[in-house]
Amino acid sequence: MELDKQGSSAIAFRLDPASGVPPYQQIVRQVEDALRLGYLSPGDQLPKVKDVVAALAINPNTVLKAYRELEHKGLAAGRPGLGTFVEAGLDVVPLRDLHSLRRKLVKWLDEADEAGLDDESVSALISSARHEMRSSKRMTAS
Amino acid sequence: MTAVEAQAVGKRYGRTWALRDCTLAVPSGRVVALVGPNGAGKSTLLNMAVGLTTPTTGRLTVLDGTEPGSSTALDGIAFVAQDTPLYPNLSVADTLRLVANLSNRWDEANARQRLADLDIPLGRRVGKLSGGQHAQVALAVALARHPEFLILDEPVARLDPLARHDFMAVLMAAVADEGLSVLLSSHVVAELERVCDYLVVLSRGQVQVAGDVDELVATHRVLTGPAGELDAVASAFDVVHAHSAERQAIALVRITRPVPTPAGWRLDETNLEELVLSYLRAPRASALPGPLGERRAMSA
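Bear in mind the structure is a predicted one, so any value in this text is a computation, not a measurement. (Residues numbered from 1 in each chain as written. Chains lettered and ligands numbered in written order. Predicted model: local features only at pLDDT ≥ 70, side-chain atom pairs only at ≥ 80, totals over all residues.)

Trainee: Talk me through the overall build of chain A; I want residue IDs and the actual numbers.
Mentor: Assigned secondary structure in chain A consists of five helices and two strands. Listing each helix as α and each strand as β along chain A from the N terminus yields α-α-α-β-β-α-α. Burial statistics for chain A: of 142 residues in total, 23% are counted as buried. Intrachain contacts of chain A at a sequence separation of at least 6 include 58% that bridge at least 24 residues. (Helix = DSSP H or I, 4+ residues; strand = E, 2+ residues; numbered from the N terminus. Buried ≥ 20, exposed ≤ 12 C-beta atoms within 10 Å, placed from the backbone. Contact = placed C-beta atoms within 7 Å.)

Written as structure tokens, this is what we have:
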């Protein structure tokens, strides 16, 4: 196996061009996921902008924008001359809530299956419902 | 602070105008993509910024009003021409020595370090390098002059995907490190989205679109709906370009204020590639910033 060691960063980012999610948001989500999964904890340094840029061949502003967003969310803080560091952990959703949500989802999937929906239709329905929810939230926010 | 400013610039070769009435102000500190079909005038504009050719009409300046080709401009600007021309019979080390002798600013250690990081042997003849290594030598030479403004003409057009990625990675790391302005031309739009934060679209010798990439993407949407209702819906939007099949129509529209989605239609976000292609398909539509008057988008 060939293994490239990427600097001294705790985590590495990847970008999915087909996801439709803007690159800076993909970075924000990957940091949040790393916090949820325990790859990152408060006090850890986020990958240096130059390292991310060199690994992904992306515009430095994209990384800066992602880190600013993380600062805005209170998850990270910049230390001048040093870099950006994890400030707070993410509240992990309690296991009980997860179980309950999962039960409801399985029930719903059963119903969808009985109604004759295939996997793609289910995914399309979920993404369009999420789209609707987000845009109605945006409408009420603005 | 502007990297390039053009006022009503035109360039005529014989009876053909390569550029006509080209007005543009590219802010400094940005990574600017100059895109457009072959023959749109991209190389002409770049050559003018470097001082290799002069406008027939109008005026073009670089680095906050400096005359292209003046010694200040030559010191501050590095140019990587199309197909990254280097002397094939010189070794990499001799190439460095040559540029060192031709430049006022030269950071030999910087060039050597960059080439060592890429495992490019200094003793090898340039003609024996792979396409990716060849391009990297040209980039290393340009960056070792510590330019304030780096101009590249189709830098990755002939490179394979891995070499393209590595080239852009080195370029972006230099931007992160030194904050230089970059202007690069390309006719491959897809790969620019990750790299560029400012877009200039040239079409038939004129500037068709200019602006911040995020802002451009945020102010355009894709409308999808029944073909029969296209005309009615289009009248309520700034339609850049629309295409219609028998039953379904798709239109790229420009949105400058919140608008409700028409009933029975979908309003989706767009991306840089879709946006550029839509404008190129509608040569009479344009999206231009400030001093050229209010932003306008006309249906073609």
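What follows continues from the structure just given.
Trainee: So what about the overall build of chain B? Which residues, and what values?
Mentor: The helix and strand tally for chain B stands at nine helices and 13 strands. Expected size for 300 residues packed as a compact globule is a radius of gyration near 19 Å; at 21 Å, chain B falls within 12% of this value. Out of the 300 residues belonging to chain B, those deemed buried represent 44%. The long-range share in chain B, meaning contacts at least 24 apart out of those at least 6 apart in sequence, stands at 68%. (Rg over C-alpha atoms; globule rule 2.2 N^0.38 Å.)

Trainee: Tell me about the interface of chain B and chain A, and please be specific about residues and values.
Mentor: Every contact between the two is made by 14 residues of chain B and, on the other side, twelve residues of chain A. Among the residues forming the side of chain B that touches chain A, the class breakdown is ten nonpolar, one polar and three charged. (Nonpolar A, V, L, I, M, F, W, Y, C, P; charged D, E, K, R; others polar.)

Trainee: I'd like a description of the sheet that holds strand E5 (residues 77-80) of chain B, backed by residues and values.
Mentor: Residue and element names in this part refer to chain B. In spatial order, the strands read E5-E6-E7-E3-E8-E9; together these six strands make up an open sheet with mixed pairing. Where the open sheet ends on each side, the last strands, each with one partner, are E5 and strand E9 (206-212). Strand-to-strand twist across the sheet, computed as the mean angle between neighbouring axes with direction ignored, equals 15 degrees. As paired strands, strand E3 (residues 31-35) and strand E8 (residues 198-203) are joined by four bridges and run parallel to one another. Within E8, the position partnered with Val 32 by the bridge is Tyr 198. (Pairing = 2+ DSSP bridges. Axes fitted to C-alpha atoms, helices over the stretch in contact; angles between N-to-C directions.)

Trainee: I'd love a proper account of the pairing of strand E1 (residues 2-13) of chain B, names of residues and values included.
Mentor: All names here are of chain B. The sheet contact formed by E1 and strand E2 (residues 16-27) spans eight bridges and is antiparallel. Bridge pairing links Tyr 13 to Thr 16 in E2. Adjacent in sequence and paired antiparallel, E1 and E2 are bridged by two residues, among which Gly 14 carries a positive phi angle near 60 degrees. Across five bridges, the pairing between E1 and strand E4 (residues 57-62) is antiparallel. Considered in E4, the bridge of Ala 6 is made with Leu 60.

Trainee: Let's hear about the sheet that holds E2 of chain B: which residues, and what values?
Mentor: Residues and elements named next belong to chain B. Read across the open sheet, the three strands follow the order E2-E1-E4; overall the sheet is antiparallel. Both outer strands of the open sheet, E2 and E4, are each paired with one neighbouring strand and no more. Ignoring which end each strand starts from, the neighbouring axes of this sheet average 20 degrees apart.

Trainee: Describe in detail unusual backbone geometry, supporting the description with residues and values.
Mentor: Residue and element names in this part refer to chain B. Its identity is not glycine, yet Asp 64 carries a phi of approximately 60 degrees, on the positive side. Its identity as a non-glycine residue notwithstanding, Glu 154 has a phi of 45 degrees, on the positive side. Along the polypeptide, Glu 154 turns up in the loop between strand E6 (149-153) and helix H6 (161-178). Given 20 C-beta atoms within 10 Å, Glu 154 falls into the buried group.

Trainee: Please give an account of helix H1 (residues 23-37) of chain A that cites residues and values.
Mentor: All names here are of chain A. The terminal C-alpha atoms of H1 lie 21 Å apart, and with 15 residues this matches the ideal 21 Å at 1.5 Å per residue to within 8%. All of the buried residues in H1 are Pro 23, Tyr 24, Ile 27, Val 28, Val 31, Ala 34 and Leu 35. Projected onto a plane normal to the axis of H1, the buried residues spread over an arc of 155 degrees and lie on a single side. (Expected span 1.5 Å × (residues − 1). Arc of directions from axis to C-beta.)

Trainee: Can you tell me about the environment of Val 222 of chain B, naming the residues and giving the values?
Mentor: Residues and elements named next belong to chain B. Note on placement: Val 222 falls in strand E10 (residues 220-226). Between the C-alpha atoms of Val 222 and Ile 250, which are 28 residues apart in sequence, the distance is 6.9 Å. For Val 222, the residues in contact, after removing those within four places along its chain, are Ile 250, Leu 252, Asp 268, Thr 270 and Glu 274.

Trainee: I'd like a description of the environment of Val 122 of chain A, backed by residues and values.
Mentor: All names here are of chain A. Secondary-structure assignment places Val 122 in helix H5 (residues 119-141). By the C-beta count within 10 Å, which is 15 here, Val 122 ends up partly exposed. Sequence separation between Val 122 and Val 63 is 59 residues; the distance between their C-alpha atoms is 33 Å. Discounting residues that sit within four places of it in the chain, Val 122 has contacts with Leu 109, Ala 112 and Leu 117.

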